[in-house]
Amino acid sequence: MCLAIPVKVIRLKEGSMATVDAGGVQTDISVALVSDVTVGEYVIVHVGFALSRLDPDEAEKTLKILAQGGIDGLPA
Amino acid sequence: MKTRLIELAHGSGGKATDDLVTEVFFRAFNNPALNRKNDQALLDLPPGRIVMACDSHVITPLFFPGGDIGTLSVTGTINDVAMAGAVPVALSAAFILEEGFPVDDLERIAASMAREAREAGVPIVTGDTKVVEKGSGDGVFISTTGIGVVPEGLVLSGDRCRPGDRLLVSGTIGDHGMALLAFREGMSFDPPLLSDCQSLHQLVGRMVEGVPSIRCLRDPTRGGVGAALNEWAAQSGVGIRIREESLPIRETVFSACELLGLDPLYMANEGKLLAVCPPEDAERLLEIMKSHPQGQNAAIIGEIVEDRGHFVEVETLMGGTRLLHWIHGDQLPRIC
Amino acid sequence: MAYLHEFRDRKSAQALLSTIRNESRPDRDYRLMEFCGGHTHAIWRYGLREALPDNIRFIHGPGCPVCVLPISRIDMARTIASFPGVLLASYGDTLRVPASGGRSLLHSKAGGADVRMVLSTLDCLRLARENPGKTVVFFAIGFETTTPPTAVAILEAKRQGIPNFRVFSNHVLTPAALRSLLLDTTPEKQVRIDGFIGPSHVSSIIGTLPYEPIVREFSKPLVIAGFEPLDVLLAVLMLIRQINDGRAELENEYTRVVTPSGNPEARALVDRVFTLRESFEWRGLGLIPNSALAIRPAFRDFDAEDLFSVSCPSVSDPRVCECPDILRGIKTPEECRVFGTVCTPENPVGSCMVSSEGACAAAYTYGVRRTPDLEVRP
């Protein structure tokens, strides 16, 4: 419900923090809520915290559906 | 100079003031009119009508990626003069310094102003210096006034927009506002994001020479493109329609806006301009802008329409329409 | 930005809109409630209302935590902020909501209170460390998305032994609000809703499972949707199909982020710190049982309500304010008597106009409109 955007984890830091990159902008966020995240993964960030992972395979599936205007196949 | 901090004596008008002004400002700005050391500057102006503009600068932080308060005080006023289609001729600079401000910082600021003025070919010919007690200022406030000359026959004014006219921007939007905000929030950018502050009078010179039918020019500083367009719409009594997909914006600025929940259309620009011209001249104007280093990312972004409500609207990426509201104050970052 | 631009692609939007136009039946209308304020914002910001056929209507729901914050709780925050030695911090929009007498926390700040905006709860811990002589009170609002960051801050404050950090908890729960909307059977309060667009990031925390009993109990289709305009359009298509088929199922459009089990680690942290309040007042919705969170006794050292025993009486909205009806979807912003005239984002009368996700603020800021004496475009 809240402003949350996908960012890529580029470095893990101590104290459950991580440096993330979003389209060339780098900033530090807390990964206390997704503690097993690894470098290279994408997470959704809200008020300075990673809330959950983004699954690239599911993203691809959704994009395929969108590309043909939702005509066939819908996400599970 | 024995001390390296500004003291109240530096503003008293006595020897301490003279020493400071000589050591810092005269040394940096160094031009014939100034060097006469009068309280005023005598200038020879080319023929034409005179344009005068002034700006006060209270920015924090004083030093930021891509510039400082000094740079802005020169480019901002040169641009205000240039937006009338005028050739800027000279600047004045008044300083209000806070007691305790480091003289080293003042020298850095003066050096920035000197560099910017020299490159622009616009000397700082007169000025003033005052000092206020500690706690009454923010380090330094700078007020600059600029004068310029507009050739006969050229009339640029925000009330001249007509339905059918086209709207152009000279480059990427939101750079300055985001560079400062991100600097304050500790975000870093790759590639680094610098303020776009620059003097635009040479670009303007080429534009008005090639397309004298230009209706108006404006540099969208505080309040961004959104505020500038709403002002024009009200001044001219028209509506403005822009297309989201034609707005030039750096990926890093776009991403930072997404992260912070801000709209780039309201972020400040200090080295960009908006232009309105008749539709038949739009392509030619765009070509002129793009062939100049300061206009490489120029684009036609919209048009003027009839609209009794004087609204500014955006055709969104999705093909829908939304209002570009006349923002009241500063944007607040969205979290929700 | 990866996973963002692709979900705003114009060609895909046009293809989706075309499919929606083909599949929506012209002989009926479709009334879809988007619960979440972020969806309200996206719908207005991208002009989706106009882009969709006229027989598809969005009913804006109460999923804007600033909008549902009752006046009495803001009055309490203002009282706390007025105590000497208090530094009150919150997210941006919270500071602007008008409470009793139309006064907000920004008014408190103008009157000398130390009130600051933060972008993250961790900023509050930094403020507490930097201001040892003050008590930093975080005015916590938000649904299940925003609660885990508050829980982490409290746990971290305990771990670090920070003595001057307190939280004034106003965290609320989504399923409870959804049920309350659907349960209300008073005729004039009943809103016909054909389907729901479910929240993106609340769901990333709570998962999809909590919605199942609601879908079963009330037989309304619910599609959890992502945040981007293409997500919203795809969810609209999925709802249209369900409604046409006479189905009432839970579906998930936002599979790239939302899973059935959500984020159990985040929920566990919240459970450690927070407990259910028996009941809580929601602006516009009244008292709802088991709908909000209070800090557990084990963490009373971080509970602002434990330190400052303030309570403020329940206050009704100004007579002219129609936020209660707007939050329930009974009225649209344009149908409010004071929308855009007396009540504007600069001078908000009610909370729907304050937060950028509030239905009224979104409508006013993005809605193509005309001034009262000129022709109004729908």
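Each chain carries its own residue numbering, running from 1 in the written order of its sequence. As they are written, the chains are lettered A onward and the ligands numbered 1 onward, keeping that order. Reporting of local features is limited, given that this is a predicted model, to residues whose pLDDT is at least 70; pairs of side-chain atoms are given and counted only at 80 or more, and all residues count toward the totals for whole chains, interfaces and linings. With hydrogens and water excluded, all non-hydrogen atoms of the structure serve as input to the side-chain values.

Here's the deal with the interface of chain B and chain C
Now for step 1: Throughout, a residue-residue contact means that at least one pair of heavy atoms, one from each residue, lies within 4.5 Å. On the chain C side, the residues contacting the 30 residues of chain B number 37 residues.
Now for step 2: Throughout this description, the term salt bridge denotes a Lys or Arg side-chain nitrogen within 4 Å of a carboxyl oxygen of Asp or Glu. Our enumeration of links across chain B and chain C arrives at four salt bridges.
Now for step 3: The salt bridge involving Arg45 of chain C is made with Glu244 of chain B; its shortest N-O contact spans 2.6 Å.
Now for step 4: In protein, a polar contact requires one atom able to donate a hydrogen and another able to accept it; more generally it is a pair of N or O atoms within 3.5 Å, and residues adjacent in sequence count only if both atoms are side-chain atoms. Applying the counting criterion to the chain B and chain C interface returns eight residue pairs in polar contact (both at pLDDT 80 or more).
Now for step 5: Breaking the side of chain B that touches chain C down by element, the ones donating at least two residues are α8 (251–260), β13 (312–315) and β14 (321–323) of chain B.
Now for step 6: To qualify as a helix, a DSSP run of H or I must reach at least 4 residues; to qualify as a strand, a run of E must reach at least 2; elements of each kind are numbered from the N terminus. Among the elements that make up the side of chain B that touches chain C, the one with the highest residue count is α8 of chain B (five residues).
Now for step 7: Residues are grouped as follows: nonpolar covers Ala, Val, Leu, Ile, Met, Phe, Trp, Tyr, Cys and Pro; charged covers Asp, Glu, Lys and Arg; every other residue, Gly included, is treated as polar. Of the residues belonging to the side of chain B that touches chain C, the class tally is 10 nonpolar, eight polar and 12 charged.

Considering the interface of chain A and chain C
Size of an interface: often given as the accessible area lost when the parts come together.
Now for step 1: Counting from both sides, the interface comprises 39 residues of chain A and, opposite them, 48 residues of chain C.
Now for step 2: For the pair chain A and chain C, the number of links is zero salt bridges.
Now for step 3: Taken together, the links from chain A to chain C amount to nine residue pairs in polar contact (both at pLDDT 80 or more).
Now for step 4: Counting only elements with at least two residues in the side of chain A that touches chain C, the list comes to β1 (5–13), β2 (17–22), β4 (42–46), β5 (49–53) and α1 (56–67) of chain A.
Now for step 5: With eight residues, α1 of chain A is the single largest residue contributor to the side of chain A that touches chain C.
Now for step 6: Of the residues belonging to the side of chain A that touches chain C, the class tally is 27 nonpolar, nine polar and three charged.

With respect to the pairing of strand β5 (residues 135–142) of chain C
Walk down a regular strand and you will see the side chains alternate between the two sheet faces.
Residue and element names in this part refer to chain C.
Now for step 1: Here β5 lies mainly inside the structure; eight of its eight residues are buried.
Now for step 2: Residues of β5 alternate between two faces, with Thr135, Val137, Phe139 and Ile141 on one and Val136, Phe138, Ala140 and Gly142 on the opposite face, all of them buried.
Now for step 3: Here, any two strands with at least 2 DSSP bridges between them count as paired. Two elements, strand β3 (residues 86–90) and β5, share four bridges in a ladder whose sense is parallel. For Ala89, the partnering residue across the bridge sits in β5 and is Phe138.
Now for step 4: Pairing between β5 and strand β6 (residues 165–171): seven bridges, direction parallel. Each bridged residue has a counterpart across the sheet, and for Phe138 the counterpart in β6 is Val167.
Now for step 5: Between β5 and its parallel partner β6, the chain crosses via helix α7 (residues 147–160), and the hand of that crossover is right-handed. Working definition: with a 1.4 Å probe on protein chains only, accessible area under 20% of the residue-type maximum means buried, over 50% means exposed, and in between means partly exposed. Throughout, right-handed denotes a crossover for which the path from the first strand over the helix to the second runs clockwise when the strands point away from the viewer.

What to know about the sheet that holds strand β4 (residues 114–117) of chain C
Backbone-to-backbone hydrogen bonds pair the strands of a sheet. The strands run either parallel or antiparallel.
Residue and element names in this part refer to chain C.
Now for step 1: Strand order in this open sheet of four strands is β4-β3-β5-β6, and the pairing throughout is parallel. The open sheet terminates on both sides in strands that have one partner only, identified here as β4 and β6. For this sheet, the mean angle separating the axes of adjacent strands, direction not counted, is 20°.
Now for step 2: Alignment of β3 against β4, held across four bridges, turns out to be parallel. When the sheet's bridge partners are listed, Leu87 is paired in β4 with Asp114.
Now for step 3: Against the sheet, helix α4 (residues 71–82) engages β3, β4, β5 and β6, with an angle of about 170° to β6. Note on definitions: angles span 0 to 180 degrees between N-to-C directions of axes, and those axes are lines fitted to C-alpha atoms, for helices only across the stretch in contact.

Structural notes on the packing of helix α1 (residues 10–23) of chain C against helix α11 (residues 229–245) of chain C
For any two helices packed against each other, the geometry is given by the interaxial angle and the distance between the axes.
Residue and element names in this part refer to chain C.
Now for step 1: At a minimum axis distance of 10 Å, the contact between α1 and α11 shows a crossing angle of 15°. What the angle tells us is that α1 and α11 run roughly parallel. Helix-helix and strand crossings are classified by hand; for α1 and α11 the assignment is left-handed. In this structure, α1 contributes Ser12, Ala13, Leu16, Leu17, Thr19, Ile20 and Glu23 to the contact, and α11 contributes Leu230, Leu233, Leu234, Val236, Leu237, Ile240, Arg241 and Asn244.
Now for step 2: Within the contact of α1 with α11, the residues separate by chemical class into 10 nonpolar, three polar and two charged. When an angle is under 35 degrees it counts as roughly parallel; over 145 it counts as roughly antiparallel; between 65 and 115 it counts as roughly perpendicular; any other value is oblique. Crossings are sorted by hand: turned counterclockwise from the far helix by less than a right angle, the near helix makes the crossing left-handed, and turned clockwise it makes it right-handed.

Digging into α7 of chain C
Residue and element names in this part refer to chain C.
Now for step 1: For α7, spanning 14 residues, the distance from its first C-alpha to its last is 20 Å, which sits close to the expected 20 Å at 1.5 Å a residue.
Now for step 2: For α7, the buried fraction is high: 10 of the 14 residues fall into the buried class.
Now for step 3: Considered for burial, the residues of α7 that qualify are Thr147, Pro148, Pro149, Thr150, Ala151, Val152, Ala153, Ile154, Leu155 and Ala157.
Now for step 4: Residue Gly161 follows α7 closely and has a positive phi angle near 65°. Every helix has an expected span of 1.5 Å times one less than the residues it contains.

Considerations on a negative patch on the surface
Now for step 1: Surface patches are drawn from residues lacking salt bridges whose relative accessible area is over 30%; two like charges belong together within 9 Å, two nonpolar side chains (Val, Leu, Ile, Met, Phe, Trp, Tyr) within 5 Å. Only the protein chains shown count as cover for residues, and the accessible areas themselves come from Shrake-Rupley with a 1.4 Å probe. Charged residues are defined here as Lys and Arg on the positive side and Asp and Glu on the negative side; His and the ends of the chain fall outside this count. Where a charge sits is defined by one atom per residue type, namely NZ (Lys), CZ (Arg), CG (Asp) or CD (Glu). Taken together, the side chains of Asp55, Asp57 and Glu60 of chain A together with Glu6 and Asp9 of chain C define an acidic patch exposed on the protein surface.
Now for step 2: We classify Asp57 of chain A as exposed; its relative accessible area is 56%.

Observations concerning the sheet that holds strand β7 (residues 195–198) of chain C
All names here are of chain C.
Now for step 1: Spatial strand order, β2-β1-β7-β8-β9: five strands in an open sheet with parallel pairing. In this open sheet, the two edge strands, each paired with only one partner strand, are β2 (56–63) and β9 (250–252). Sheet twist, expressed as the mean angle between neighbouring strand axes with direction ignored, is 25°.
Now for step 2: Direction of pairing for β7 relative to strand β8 (residues 222–224): parallel, over a ladder of three bridges.

Re helix α8 (residues 174–183) of chain C
Now for step 1: With eight of its 10 residues buried, α8 of chain C lies for the most part within the structure.
Now for step 2: Every buried residue of α8 of chain C is accounted for by Thr174, Pro175, Ala176, Ala177, Leu178, Ser180, Leu181 and Leu182 of chain C.

Quick notes on the confidence of the model for chain C
All names here are of chain C.
Now for step 1: A score between 0 and 100, pLDDT records how confident the predictor is in each residue. Mean pLDDT over chain C works out to 90, with 96% of the residues at or above the 70 mark.
Now for step 2: Mean pLDDT across the elements of chain C ranges from a minimum in helix α14 (residues 323–327), with 85, to a maximum in strand β10 (residues 274–276), with 98.
Now for step 3: Confidence over residues 372–378 falls short of pLDDT 50; this stretch has nine contacts with residues more than four positions distant or in other chains.

Topic: unusual backbone geometry
All names here are of chain B.
Now for step 1: The omega angle of the peptide bond from Thr60 to Pro61 is 0°, so this bond is cis rather than trans.
Now for step 2: Note on placement: Pro61 falls in the loop between β1 (49–57) and β2 (63–64).
Now for step 3: Even without glycine at this site, Lys37 takes up a positive phi of about 65°.
Now for step 4: Position of Lys37 relative to the elements: it lies in the loop between α2 (32–35) and β1.
Now for step 5: In this structure, His310 is a non-glycine residue whose phi angle is positive, near 60°.
Now for step 6: Examined against the element boundaries, His310 turns out to sit in the loop between β12 (299–305) and β13.
Now for step 7: By relative accessible area, which is 31% here, His310 ends up partly exposed.

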